[in-house]
Amino acid sequence: MLSVENLSAWYGAARILYELTFEVGRGEVVALMGRNGAGKSTTMKAIMGLIGQRQGTVTFSGEDISRLEPYQIARRGLGFTPEDRRIFSDLTVMENLDIGRQPPREFPDGAAAPSWTPERLFALFPNLAEMPHRAGGRMSGGEQQMLTVARTLMGNPLLVLLDEPSEGVAPLIVEQMANTIIELKKEGLSILLSEQNIHFAQLVSDRVYVLEKGQIQWQGTMAQLSGSPEIQRTYLTV
Amino acid sequence: MTLNAFLFQVLNGLSAASGLFLIAAGLSLIFGVTRIVNLAHGSLYMLGTYIAYSFATKIGGVTGFWGGIIATALIVGVIGALIEVLLLRRIYRAPELFQLLATFALVLVINDAALWLWGPADLLGPRAPGFRGAIEILGRRLPSYDLFLIVIGPLVLLALHLTLARTRFGRLIRAATQDREMVGALGVNQAVLFTSVFALGAALAGLGGALQIAREPANLATDLIALGDAFVVVVVGGMGSIPGAYLAAVIIAEVKALCVGIGVVDFGFITINFSKFTLVAEFLVMAVVLIARPYGLLGKAQGAVRSIAEPEEPIRPATTLLKVLGAVVLAMLLCLPLLAQGSPYLLVLGIDVLIAIIFATSLHFIMGPGGMHSFGHAAYFGLGAYGAALLVKWLGLPFGAALVAAPLLALGGALLFGWFAVRLSGVYLAMLTLAFAQIVWAAVFQWEGFTGGSNGVIGVWPPPPFDKAWVYFLLTLVLAAIAVLLLRRFLFAPFGYAMRAGRDSPLRAEAIGIDVKRVHWLGFAIAGLVCGIGGGLFAFAKGSISPETIHINRSIDGLVMVLLGGVQTLTGPIVGASVFAVLQDTVMRQTEYWRALMGAIILVLVLAFPQGIVGAFAALWRKVGGRT
Amino acid sequence: MSASNPSVLELRGLTKSFGGVHAVRDVSFEIGKGEFLAMIGPNGAGKSTCFNMINGQLAPDAGEILCEGRNIAGLAPRDIWRLGVGRTFQVAATFGSMTVIENVQMALISHTRETYRLWRPAASHHRERALDLLAQVNMQDAADRPSRELAYGDVKRVELAIALANDPKLLLMDEPTAGMGASERHGLIELVKRLVVERGISVLFTEHSMDVVFAFADRIVVLARGRLIADGDAAAIRDNEQVREVYFGTGKTFAGAPA
């Protein structure tokens, strides 16, 4: 679905990413793990075209998207939910969803991608259904976190870049997020998840890449990582 | 004034409000989405008046007038789109002040373009076909065209409101107002959105201008007047609020109409002609509103706008190289009178440059380290200049005493205005400082008996030995050097650090016990004081002063100087002021179209040196240093 | 409160509403000297509002905030700081245009009321003391680097040094480990704990990482819908049925889950 080759990125003079190579298969949930500042968010922004200075090739659905603008990338079915949520606080829940709306989409093989409507999303996130006309700025952090995911799904993406969905929300909401990801996987979506919370990542991911200082230090299945306290200690020091 | 006369003035105000609203709504929309305060918005309005005039007179009749108005709105919209695509698109990532500079360059270019195309004379359009008569209301005759204008404002308001609330385009505008990058990441083509918003805003300004030709002549001074009005309306109504813009337009227009309606009133001890105080009244309303509701009547506190400007380096004490360089420059300047024996012009230029340096350095003091982008620094320059000149003229104060009194008057003004200004930040602070400067300007301009009105004060010459150019030059040099070194010293002292602390993170600064407002207020006062020194020197250097000394153009000149040099460097304003003053005194005097030339130079600089001259050299230096 | 263990901070019936919606309702609790107190609760429970009333960002509608017996409700943040209440922010805030040590020096200058001095360079004020504070948070090697270049975890340490500059009695920390990895989290909290125990400082902190809360807090208060629903030690909170229902969930997503 998504394949990244030798991706590098800079902020001004500071180099953040060093030739990352990884991929996400169709229907797969892949976790990018690592400490704060390891480059997880930067990786996602670089894939999404939100960082000016980048090098390397990003291929999505067989097409090279590394030179495209963010909106063009989004229109090819790549969804992005940023870690700081970035809800439009003056707009209501329904209006926020409308901004994310895109036409239905197909996978490269012609199969229809999961298609979302506000009604379906309200079923997935019952909290949002209670407040369709509330302004985004008047929602709690947990509700905003749900809205940002729902807004991205309105674009009927084939793959979602999910940046730290468990950050700064209560354990109860984290649990709902985990259930949501499992639901989305069932629908056939691919997800690239950036995460620091190993307990959360264990619940939802198939494979793991561990980032450190902008480089991939370890890769393997979630089962391998779970089964090896040593690897966890070395790279994640839980 | 009778009740009928009063109501009649209210109607007059309402018809004027429509024009104000059209231009302000466009400015507000453009600012909301692009985060650019389009200083050229008044110029687009002015273009609207000229283009509509041409349609109405060249084609004539119903088609020429009414068709012309529609065509004008479309043409100005296209011009707006071109400006966005050709210029603004390149500078969205530049610091906010550079964007202001670029749009101000457009003001200059468009003004000269209009001068070239339509000439300097005022052009009055024909009366509106179908609305030539007048209707009798309250015993007076109100032109029917005014009634038509009264209706237009609410109609446009309704249309804009429905567009913003009910259509996807409107939702996209509101979302982009908050976070344009995120809108892009959700699959929306921002370039198209930005261009269309800019075109819409420009078309509204063009329409506003076109509708005026039946009431007022097209005039080359309209651009800055309309811009000032639009600022006041947008800020009073609240940035980004379209209903707020209408409400504010009505309030401002009514206050002005009532001032005219009241006319001359004799209070017994003093006679005041209120109709002359429309400008003062307008800006007073704005100042009062901003103090009571810092974000305007219907505005909301602006969320943190995602800053994309380059972060600032810590300040370092001068290197030996810089100290030596400074000493050499100072020594060379001290020798200038010897070199200039054959050409007295060199000394005049030298004095201009030094005064510009005082002006720019004091502005930079609050703008850079204080983060307060003052758009009205000319006020303190003017207070100094007028203070010195009037004290000499009315009280016969000696030269030395007047030079000392000048900065003290400026200090007084800065303490008063600064107390209000530091309560605001960002664009609001910029607009409020502009408003205060305009009040000072209007007071000077309209208080003819005391200030000489538009003629100013003449015959303020320094006594011997300062009447010799080289002596006056040396005096200016000494004062400029003291001012620059003193301000620099302050910046390295705890006070300067506290000012930067309040700018970098007000929350954190308050949390370690710093009274940010008070620190910034004192910074503002110090800048005013130093600026006043320049003003005093200016009055005696020229021998005469006019309201030009306080004009908005001078405030903008100061911004240009600071930005040319680079706002993030301490030596920047000195270099910027020198380059600017030399350019102004030499190149600009060679052509009738100096504004366009100046605009072109600014545009080139903005596109080529987004960090200012000194900033660009510093970056180059680091690069070279990094390689070796 | 007894004279032998006086409370450093006491909230009495603290109440605040925004536009008719109660954000905080009648909340009362106290913090003893040297106590490490965690405030937890769902998003939107009123933790931030509570915090902002204590640090002076907001004025309460009703209730008292007693700092060593003196009511500080409604005072400005800078006045509360002068009374010995330090704070760190959820999103770490330092002065980006200054070096690391200048950040600490600024706090020391303010503490000694030298803010309005115009002559002697700021860099020559309190350098030794600032280096000493940086050494305590292991940041002395970065003293002369621009603070904006630091990694996020290091910025948090600098913030801590700034907060310690006026020898606070009480430290307010709003989500001190937000945005940090697991190892960094524990490192930072261990550092805080060590420093405050040495100096007898009390700490009130909010936190979503239950690992941190259960491992370090002496006591925990839980807010939900603006009310205080529980107040006790880790074991008591862990077993509290109501807290589990509104906040923990099944506890699959963190270590040390409720039994």
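Residues numbered from 1 in each chain as written. Chains lettered and ligands numbered in written order. Predicted model: local features only at pLDDT ≥ 70, side-chain atom pairs only at ≥ 80, totals over all residues.

### Observations regarding the overall build of chain C
Consideration 1: Across its full length, chain C holds nine helices and ten strands.
Consideration 2: Expected size for 259 residues packed as a compact globule is a radius of gyration near 18 Å; at 19 Å, chain C falls within 12% of this value.
Consideration 3: Dimensions of chain C along its principal axes, counting C-alpha atoms only, are 60 × 40 × 40 Å.
Consideration 4: A buried classification covers 51% of the 259 residues belonging to chain C.
Consideration 5: Relative to all contacts within chain C whose residues are 6 or more apart in sequence, the contacts with residues 24 or more apart total 64%. (Helix = DSSP H or I, 4+ residues; strand = E, 2+ residues; numbered from the N terminus. Rg over C-alpha atoms; globule rule 2.2 N^0.38 Å. Buried ≥ 20, exposed ≤ 12 C-beta atoms within 10 Å, placed from the backbone. Contact = placed C-beta atoms within 7 Å.)

### Considering the overall build of chain A
Consideration 1: Regarding its fold elements, chain A presents ten helices and ten strands.
Consideration 2: The C-alpha atoms of chain A give 17 Å as radius of gyration, which agrees with the globular expectation for 238 residues (18 Å, within 12%).
Consideration 3: Along the first, second and third principal axes, the C-alpha atoms of chain A reach 45 × 35 × 35 Å.
Consideration 4: Expressed as a percentage of its 238 residues, the buried residues of chain A come to 51%.

### Examining helix H19 (residues 494-504) of chain B
Consideration 1: Counting buried residues along H19 of chain B, eleven of its eleven residues qualify, which places the element largely inside the surrounding structure.
Consideration 2: As for H19 of chain B, its buried residues are in contact with helix H18 (469-492), helix H20 (506-511) and helix H21 (516-542) of chain B together with helix H3 (100-111) of chain C.

### Observations concerning the interface of chain B and chain A
Consideration 1: Across the contact, 18 residues belong to chain B and 19 residues belong to chain A.
Consideration 2: A total of six residues in the side of chain B that touches chain A trace back to one element, the largest contributor, which is helix H6 (residues 168-178) of chain B.
Consideration 3: Per-class residue counts for the side of chain B that touches chain A are seven nonpolar, six polar and five charged. (Nonpolar A, V, L, I, M, F, W, Y, C, P; charged D, E, K, R; others polar.)

### Things to note about the sheet that holds strand S5 (residues 63-64) of chain A
Consideration 1: Read from one edge to the other, the open sheet built from four strands follows the order S2-S1-S4-S5 (chain A), with strand pairing classed as antiparallel. Sheet topology places strand S2 (14-24) and S5 of chain A at the edges, where each strand pairs with a single neighbour. (Pairing = 2+ DSSP bridges.)

### Brief notes about the packing of helix H2 (residues 41-59) of chain B against helix H8 (residues 190-212) of chain B
Residue and element names in this part refer to chain B.
Consideration 1: Running from N to C, H2 and H8 cross one another at 45°; their axes reach a closest spacing of 7 Å. In terms of their interaxial angle, H2 and H8 are classed as oblique. When the axes of H2 and H8 are compared, the crossing they make is right-handed. Along the contact surface, H2 presents His41, Leu44, Tyr45, Met46, Leu47, Gly48, Thr49 and Ala52, while H8 presents Ala202, Ala205, Gly206, Leu207, Gly208, Gly209, Ala210 and Gln212.
Consideration 2: Classifying every residue of the contact of H2 with H8 by side-chain character gives nine nonpolar, seven polar and no charged. (Axes fitted to C-alpha atoms, helices over the stretch in contact; angles between N-to-C directions. Parallel < 35°, antiparallel > 145°, perpendicular 65-115°, else oblique. Left-handed = near helix turned anticlockwise from the far one by under 90°.)

### A short note on the packing of helix H9 (residues 222-237) of chain B against helix H10 (residues 242-262) of chain B
Residue and element names in this part refer to chain B.
Consideration 1: Orientation of H9 relative to H10, taken along the N-to-C sense of each, is 120°, at an axis distance of 7 Å. By the angle between their directions, the pair H9 and H10 is classed as oblique. Once H9 is placed against H10, the crossing between them reads as right-handed. Of the residues in H10, those touching H9 at Val232, Val233, Val234, Val236 and Gly237 are Gly244, Ala245, Leu247, Ala248, Ala249, Ile251 and Ile252.
Consideration 2: Taken together, the residues of the contact of H9 with H10 sort by class into ten nonpolar, two polar and no charged.

### Looking at the interface of chain B and chain C
Consideration 1: Facing 25 residues of chain B, the contacting portion of chain C comprises 32 residues.
Consideration 2: Counting only elements with at least two residues in the side of chain B that touches chain C, the list comes to H18, H19 and H20 of chain B.
Consideration 3: Per-element accounting of the side of chain B that touches chain C gives the leading share, seven residues, to H19 of chain B.
Consideration 4: Grouping the constituent residues of the side of chain B that touches chain C by class yields 15 nonpolar, two polar and eight charged.

### Description of the environment of methionine 44 of chain A
Consideration 1: If you trace the backbone, methionine 44 of chain A turns up in helix H1 (residues 40-47).
Consideration 2: The contacts of methionine 44 of chain A, once residues within four sequence positions are left out, are Phe80, Leu161, Asp163 and Ser194 of chain A.

### With respect to the domain arrangement of chain C
For an interface, size is often stated in terms of accessible area lost upon the parts coming together.
All names here are of chain C.
Consideration 1: If you check the domain split of chain C, you get domain 1 (1-84 + 168-259) and domain 2 (97-166).
Consideration 2: A separation of 27 Å is found between the C-alpha centroids of domain 1 and domain 2.
Consideration 3: Contact residues are listed per partner, giving twelve residues for domain 1 and nine residues for domain 2.
Consideration 4: In terms of residues, the side of domain 1 that touches domain 2 owes the most to one element, helix H6 (residues 182-199), which gives five residues.
Consideration 5: Counted by class, the side of domain 1 that touches domain 2 contains nine nonpolar, two polar and one charged residues. (Domains from an automatic or database assignment.)

### With respect to the environment of leucine 605 of chain B
Consideration 1: Tracing the backbone through its elements, the reader meets leucine 605 of chain B in helix H24 (residues 594-608).
Consideration 2: With 383 residues separating them along the chain, leucine 605 of chain B and threonine 222 of chain B place their C-alpha atoms 27 Å apart.

### Quick look at unusual backbone geometry
Consideration 1: Looking along the chain, the bond that leaves proline 464 of chain B and enters proline 465 of chain B is cis, with omega of 0°.
Consideration 2: Of note, proline 465 of chain B is situated in the loop between strand S5 (457-458) and H18.
Consideration 3: Despite not being glycine, serine 61 of chain A shows a phi value in the positive range, around 50°.
Consideration 4: Within the element layout of this structure, serine 61 of chain A appears in the loop between strand S4 (53-60) and S5.
Consideration 5: Notably, arginine 225 of chain C is not glycine yet its phi reads approximately 50°, a positive angle.

### Looking at the confidence of the model for chain C
Detailed reading of the predicted coordinates is not advisable wherever pLDDT falls low.
All names here are of chain C.
Consideration 1: Taken residue by residue, chain C gives an average pLDDT of 88. The fraction at 70 or more is 95%.
Consideration 2: The weakest mean pLDDT in chain C belongs to helix H9 (residues 241-248) at 85; the strongest belongs to H3 at 96.
Consideration 3: Note on the complex model: pTM 0.83, ipTM 0.92. (pLDDT = per-residue confidence, 0-100.)

### Let's talk about H9 of chain B
All names here are of chain B.
Consideration 1: The terminal C-alpha atoms of H9, which comprises 16 residues, lie 22 Å apart, in line with the 22 Å expected from a rise of 1.5 Å per residue.
Consideration 2: Counting buried positions along H9 yields 13 of 16 residues, so the element is predominantly enclosed.
Consideration 3: Residue glycine 238 follows H9 closely and has a positive phi angle near 110°. (Expected span 1.5 Å × (residues − 1).)

### Some details on the sheet that holds strand S10 (residues 215-221) of chain A
Residue and element names in this part refer to chain A.
Consideration 1: Spatially, six strands are ordered S6-S7-S8-S3-S9-S10 in an open sheet, and the strand pairing comes out mixed. Each having just a single partner strand, strand S6 (78-81) and S10 make up the two edges of the open sheet. For this sheet, the mean angle separating the axes of adjacent strands, direction not counted, is 15°.
Consideration 2: Along the sheet, helix H6 (residues 141-153) contacts S6 and strand S7 (159-163); its crossing angle with S6, the most-contacted strand, is approximately 165°.

### Here's the deal with the pairing of strand S4 (residues 62-67) of chain C
Residue and element names in this part refer to chain C.
Consideration 1: Bridge count between strand S1 (residues 7-18) and S4: five bridges; the pairing is antiparallel. Paired with glutamate 10 across the bridge in S4 is leucine 66.
Consideration 2: Strand direction decides the pairing type here: S4 and strand S5 (residues 70-71), joined by two bridges, are antiparallel. In the strand pairing of S5, leucine 66 is matched with asparagine 71.
Consideration 3: In this structure, the hairpin formed by S4 and S5 is closed by a connection of two residues, where glutamate 68 is found at a positive phi of approximately 50°.

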